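# Summary of structural features
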Amino acid sequence: SSIDAQLGFCTEKILGKIDSTGEGSAVVRYSCESTGWKKLTALEFRLGFCNSKNDSAKKVVHDSVYVCSKSSWKLGTVTDMFGVCDSLAAGKTGTFMGEKYGCRKKSWLKMSDFEIANGFCSEKNAGENIKVGSEYYECTVTSASAYWKKTNEFKYVMGECPYTDTLFYKEYKDTLYE
């Protein structure tokens, strides 16, 4: 074939070898396989072949993931990238396709600009208080969601009240609270 004339014969001795024809944007890559020279797609060149041997395999490229499915690479989902969002993953964050995501309430959600700058609010840090500039916020978790809710300096300084049988004291502005 003309490919054999350009690249040489594909023999058992060079199985798996990758070679190319053309240059620059016109380059075409080939892999020597048991059936002869096989033209590689850009994804195959980058990730390897997708076939029945590696069906369901995942390959991460920067902040994206590709999944081998039915002999072709497909762009995966945020769940393919980070795993199932469950109670164990709550609070986990990461970047997927240029967007920041966090696991909250069993869903992968895009983080708000506020959360990107100040921290993600989820079941894992419920009750946490933060100060942003001169404002105070508390990570508030309801049955349906979790979000940063404006609060006051007192709550920020005092934090969560521990629900125990023993007395707990904390001082705020020269006053002792029980």
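Numbers given for residues are sequential positions, taken from 1 along each chain in its written order. At least 70 in pLDDT is required for a residue's local features to be given in this predicted model, at least 80 for side-chain atom pairs to be given and counted, and no such filter applies to totals for whole chains, interfaces and linings, which use all residues. The basis for the side-chain values is all heavy atoms of the structure; hydrogens and waters are excluded.

Attention now goes to the sheet that holds strand 12 (residues 146-151). Taken in spatial order, the three strands of this open sheet run 10-11-12, and their pairing is antiparallel. Edge positions in the sheet fall to strand 10 (129-132) and strand 12, since each has one partner strand and no second. Strand-to-strand, the axes of this sheet are offset by a mean angle of 35°, without reference to chain direction. Two strands are said to pair when DSSP picks up at least two bridges between them. Helix numbers and strand numbers start at the N terminus; a helix is a DSSP run of H or I with at least 4 residues, a strand a run of E with at least 2. Taken together, the four bridges between strand 10 and strand 11 (residues 135-141) define a ladder with antiparallel strand orientation. All axes are obtained by fitting lines to C-alpha atoms, using only the stretch in contact for helices, and the reported angles, taken between N-to-C directions, cover 0 to 180 degrees.

Moving on, we come to the state of the cysteines. Cysteine sulfurs are considered disulfide-paired once they come within 2.5 Å of each other. A complete count under the given rule lists four disulfides for this structure. Shown here is the disulfide that connects C10 with C32, its sulfur atoms set 2.0 Å apart. Sign of the S-S torsion, about 95° for the bond between C10 and C32, identifies this disulfide as right-handed. Residue C10 is found in the loop between helix 1 (2-7) and strand 1 (18-21), and its partner C32 is found in strand 2 (residues 28-33); the two are separated by 22 residues along the sequence. For the pair shown, C10 and C32 are each scored as buried. With its sulfur 2.0 Å from that of its partner, C85 forms a disulfide with C103. Sign of the S-S torsion, about 90° for the bond between C85 and C103, identifies this disulfide as right-handed. Residue C85 is located in the loop between helix 3 (78-82) and strand 7 (93-96), and its partner C103 is located in strand 8 (residues 99-104); the two are separated by 18 residues in the primary sequence. The burial state of C85 is the same as that of C103; both residues are buried. Taken in N- to C-terminal order, the disulfide-linked cysteines of the chain are connected 1-2, 3-4, 5-6, 7-8. For every residue, the accessible area (1.4 Å probe, protein chains only) is compared with the maximum for its type, and the residue is labelled buried under 20%, exposed over 50%, or partly exposed between those bounds.

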